[in-house]
Amino acid sequence: MPIYASTPLKLSYMLVLLMATLPWGIGQLSSALLGDAQLALSLIVPVGLLVLGLYRVFTVLNNPYALCSYKVRGGPLLLRKVGVVALHAGALIGVLDLLIVPYVLPLFISDQSGIGVEYFISGLALLIFQLLATFIGALGLVCFEWSRLIGLEQYARVRKRKL
């Protein structure tokens, strides 16, 4: 019997996937288009990952069964729960990162040092926050998809025994 993905899980999955693929893919694409000598080689991986990430997001949007999985027990169930929690946490941290950007810089504007170190520190803090969200979200993606794969294998073994 399949487990259907809830709407918040689908939203978290798509947000984390976009946070993991879009910034890196667009950054690599722009650096390659701005004059990188090895244009063809430097475009293969970023554009490929960008296309795969966007394809997966559209698949989850259009197919209501895209994130369904089979029931599992034991370690795979724990892996699924860790994955779901990490997906939600990564999406939440990523959204918070986008929301706090307008509030971080004004904290330092009233106390300017003259050399711009406050902008460097605030930018570094925001970057660390974004990397944390991406890492937690990517961990959630791996755990969640791994538990789905294990559930599919267990279901296939049970079906094979019944035949």
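Criteria and thresholds
The numbers attached to residues start from 1 for each chain and follow its sequence in the written order. Only residues with pLDDT of at least 70 are given local features in this predicted model, and only at 80 or more are side-chain atom pairs given and counted; all residues enter the totals for whole chains, interfaces and linings. Side-chain calculation: all heavy atoms of the structure are included, whereas hydrogens and water are not. A run of DSSP states H or I qualifies as a helix once it reaches four residues; a run of E qualifies as a strand once it reaches two. Both are numbered from the N-terminal end. In what follows, a contact means two residues having at least one pair of non-hydrogen atoms within 4.5 Å. Only the protein chains shown count as cover for residues, and the accessible areas themselves come from Shrake-Rupley with a 1.4 Å probe. Each residue carries a pLDDT score, the predictor's confidence in it, ranging from 0 to 100. Here, a salt bridge means any side-chain nitrogen of Lys or Arg that lies within 4 Å of a carboxyl oxygen of Asp or Glu. Think of it in three bands: with a 1.4 Å probe and only protein chains considered, a residue is buried below 20% of the maximum accessible area for its type, exposed above 50%, and partly exposed in between. The span you would expect from a helix comes to 1.5 Å times its residue count less one. Only Phe, Tyr and Trp rings are paired, with Trp represented by its six-membered ring, and only when their centres lie within 6.5 Å; those with planes under 30 degrees apart are stacked, over 60 edge-to-face, the remainder tilted. What we call a nonpolar core is a set of buried Ala, Val, Leu, Ile, Met, Phe, Trp, Tyr and Cys residues that are connected through their side-chain atoms within 4.5 Å.

Here we come to the overall build of the protein chain. Secondary structure summary: the protein chain contains four helices and two strands in total. Listing each helix as α and each strand as β along the protein chain from the N terminus yields β-α-α-β-α-α. Look at the contacts in the protein chain between residues 6 or more apart in sequence, and 81% of them connect residues 24 or more apart. With an accessible surface of roughly 10,700 Å², the protein chain has 73% of that area assigned to carbon and sulfur atoms.

Atom-level detail of predicted coordinates should not be read off regions where pLDDT is low. Per-residue confidence for the protein chain gives a mean pLDDT of 82; residues scoring 70 or more make up 85%. In the model of the protein chain, strand 1 (residues 2-3) stands out as the element of lowest mean pLDDT, 80, in contrast to strand 2 (residues 69-70), which has the highest, 87.

This next bit is on the pattern of salt bridges. In this structure the tally under the stated criterion is two salt bridges. Glutamate 145 serves as the salt-bridge partner of arginine 56, at 3.6 Å between the closest nitrogen and oxygen. Linking arginine 56 in helix 2 (residues 39-62) with glutamate 145 in helix 4 (residues 117-162), this pair joins segments that are 89 residues apart in sequence. Residue classification places glutamate 145 among the partly exposed positions, given a relative accessible area of 26%. Connected via shared salt-bridge partners are Arg56, Glu145 and Arg148.

Helix length check: helix 4 (46 residues) gives 68 Å between terminal C-alpha atoms against 68 Å at 1.5 Å per residue, within 8%. The complete set of buried residues in helix 4 reads Glu118, Ser122, Leu126, Ala133, Gly137, Gly140, Leu141, Cys143, Phe144, Ser147, Arg148 and Gly151.

A separate point is the side chain of arginine 148. Mapped onto the elements, arginine 148 comes out in helix 4. Arginine 148 sits in the buried class, given a relative accessible area of 16%. Not counting residues within four places of it along the chain, the set of residues in contact with arginine 148 comprises Arg56, Ala66, Leu67, Cys68 and Ser69.

A word on the packing of aromatic side chains. One pair of aromatic rings is described through two measures. These are the centre distance and the angle between the planes. Enumeration over the complete set of coordinates arrives at three aromatic pairs. Ring plane angle 55° and centroid distance 6.0 Å describe the contact between tyrosine 4 and tyrosine 65, whose orientation is recorded as tilted. You can see tyrosine 4 sitting in the loop between strand 1 and helix 1 (7-33) and its partner tyrosine 65 sitting in the loop between helix 2 and strand 2, a full 61 residues away along the chain. Taken individually, tyrosine 4 and tyrosine 65 each receive the classification exposed, so the pair is uniform in this respect. With 6.1 Å between their ring centres and 65° between their planes, tyrosine 13 and phenylalanine 144 make a pair best called edge-to-face. Residue tyrosine 13 is located in helix 1, and its partner phenylalanine 144 is located in helix 4; the two are separated by 131 residues in the primary sequence. Classification of phenylalanine 144 as buried rests on a relative accessible area of 0%.

If you look at the biggest cluster of nonpolar residues, it comprises 17 residues, and the most contacted ones within it are Tyr13, Val16, Val60, Leu67, Leu87, Leu141 and Phe144. Among the secondary structure elements, those contributing two or more residues to this core are helix 1, helix 2, helix 3 (75-109) and helix 4.

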